[in-house]
Amino acid sequence: MAQGDVQITVVGNLVADPELKYTQNGAAVANFRVASTPRVFRDGQWVDGEGMFLSCSLWREAAENAVESLSKGMRVIVQGRLRQRSYETREGERRTVFEVEVDEVGPSLKFARAQVTRTQRSGGGNYGGGNRQGGNNAGGGFGGGFGGNAGGQGGQGQNQGGRGFGGGAPAEDPWNSAPPAGGGFGGGDEPPF
């Protein structure tokens, strides 16, 4: 985040399904619009205020996840950086628009329920490089950590050799009180740093 960026969080409904496109170098970008309508107290009752429509763009893996997860009408929470862009129309009129360069987006749980499924990522070797495999409370660890690989296999709770603060505990042990296999750091004698 650059100094002076205007951070914004918007809660609203998707106007249409997110649209996925790819740049020439293969980077995914999802574009969508969010309508946010405030409720105001007027003449003794709550009524809809003037709606605000914001265009949003989301990049790379998050863009693909958003297209798979979100659809028209869903109430979402969008967090990102507000950008101002000016352009000229064909008629020569100067216009300015505001857009959100999205960092995070997800469904609002105020009036809905969501089931989260973690996507599989390749490799490790970086901070937080592991994956969690399996579903809700399936016993898998959050794996990886400092340069690790996958944590626990969901449902079986087996250590997949991650060298991080992870590894798996059996599904019956939700607090992971069993010592990690192969040493105090989840798979080796040496700390990962």
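Let us look at the structure shown here. Keep in mind the model is a prediction, meaning the values are calculated, not measured.

1. Observations concerning the overall build of the protein
In terms of helices and strands, the protein carries one helix and eight strands. Sequence-ordered secondary structure for the protein, helices as α and strands as β, is β-β-β-β-β-β-α-β-β. Long-range pairs, those at least 24 residues apart, make up 42% of the contacts in the protein with a sequence separation of at least 6. In the structure as shown, the protein presents an accessible area of about 13000 Å², 48% of it carried by carbon and sulfur atoms.

2. Some thoughts on the packing of aromatic side chains
Counted by the stated rule, this structure contains one aromatic pair. Ring centres of Phe41 and Trp46 lie 5.3 Å apart, and the angle between their planes is 65 degrees; on these two criteria the pair is classed as edge-to-face. On the accessibility criterion, Phe41 (53% relative accessible area) is exposed. On the basis of relative accessibility, which here comes to 53%, the residue Trp46 falls in the exposed class.

3. Overview of unusual backbone geometry
A positive phi angle, near 55 degrees, is found at Asp43, a position not held by glycine. Topologically, Asp43 is positioned in the loop between β4 (39–42) and β5 (45–48). Although it is not a glycine, Arg60 adopts a positive phi angle of roughly 60 degrees. Its location among the elements puts Arg60 in helix α1 (residues 60–69).

4. Focus on the nonpolar core
Core analysis: the largest hydrophobic core is formed by 14 residues, its most contacted members being Phe32, Val34, Cys56, Val78, Val100 and Val102. Elements that contribute at least two residues to this core include exactly β1 (6–14), β3 (28–36), β6 (52–59), β7 (75–88) and β8 (94–107). Beyond its immediate stretch of four places on either side in the chain, Cys56 contacts Ala30, Asn31, Phe32, Val34, Val78, Val100 and Val102.

5. Examining the pattern of salt bridges
Under the criterion given, the structure shown has eight salt bridges. Between Asp103 and Arg81 there is a salt bridge, with the nearest N and O atoms lying 3.3 Å from each other. Of this pair, Asp103 sits in strand β8 while Arg81 sits in strand β7, placing them 22 residues apart in sequence. Residue class for Arg81 comes out buried when judged on its relative accessible area of 13%.

6. Points about the side chain of Ser108
When you line up the elements, Ser108 lands in the segment after β8. Only 3.4 Å separates the side chain of Ser108 from the backbone nitrogen of Lys110, close enough to count as a polar contact. Setting aside its immediate chain neighbours within four residues, Ser108 contacts Arg75, Val76 and Ile77.

7. Description of the pairing of β7
Relative to β7, β1 is paired through eight bridges, and the arrangement is antiparallel. Looking across to β7, one finds that Ile8 is bridged to Gly80. Here 13 bridges tie β7 to β8, and the two strands are oriented antiparallel to one another. Each residue of the ladder has a partner; that of Arg83, found in β8, is Glu99. If you look at the hairpin formed by β7 and β8, you'll find five residues sitting between the two strands, and Gly92 has a positive phi there, around 90 degrees.

8. Thoughts on the pairing of β1
Pairing of β1 with β3 involves two bridges; the strand directions are antiparallel. Residue pairing for β3: Asn13 is matched across the bridge by Ala35.

Analysis parameters
- Residues numbered from 1 in each chain as written.
- Predicted model: local features only at pLDDT ≥ 70, side-chain atom pairs only at ≥ 80, totals over all residues.
- Heavy atoms only, no water.
- Helix = DSSP H or I, 4+ residues; strand = E, 2+ residues; numbered from the N terminus.
- Contact = heavy atoms within 4.5 Å.
- Areas by Shrake-Rupley, 256 points an atom, 1.4 Å probe, with all protein chains shown as cover.
- Phe/Tyr/Trp six-rings, centres within 6.5 Å; stacked < 30°, edge-to-face > 60°.
- Buried < 20%, exposed > 50% of the residue type's maximum accessible area, 1.4 Å probe, protein only.
- Core = buried A, V, L, I, M, F, W, Y, C linked by side-chain atoms within 4.5 Å.
- Salt bridge = Lys/Arg side-chain N within 4 Å of Asp/Glu carboxyl O.
- Polar contact = N/O pair within 3.5 Å; in protein donor to acceptor, adjacent residues only side chain to side chain.
- Pairing = 2+ DSSP bridges.

These results come straight from atomic positions and should not be treated as a statement about function.
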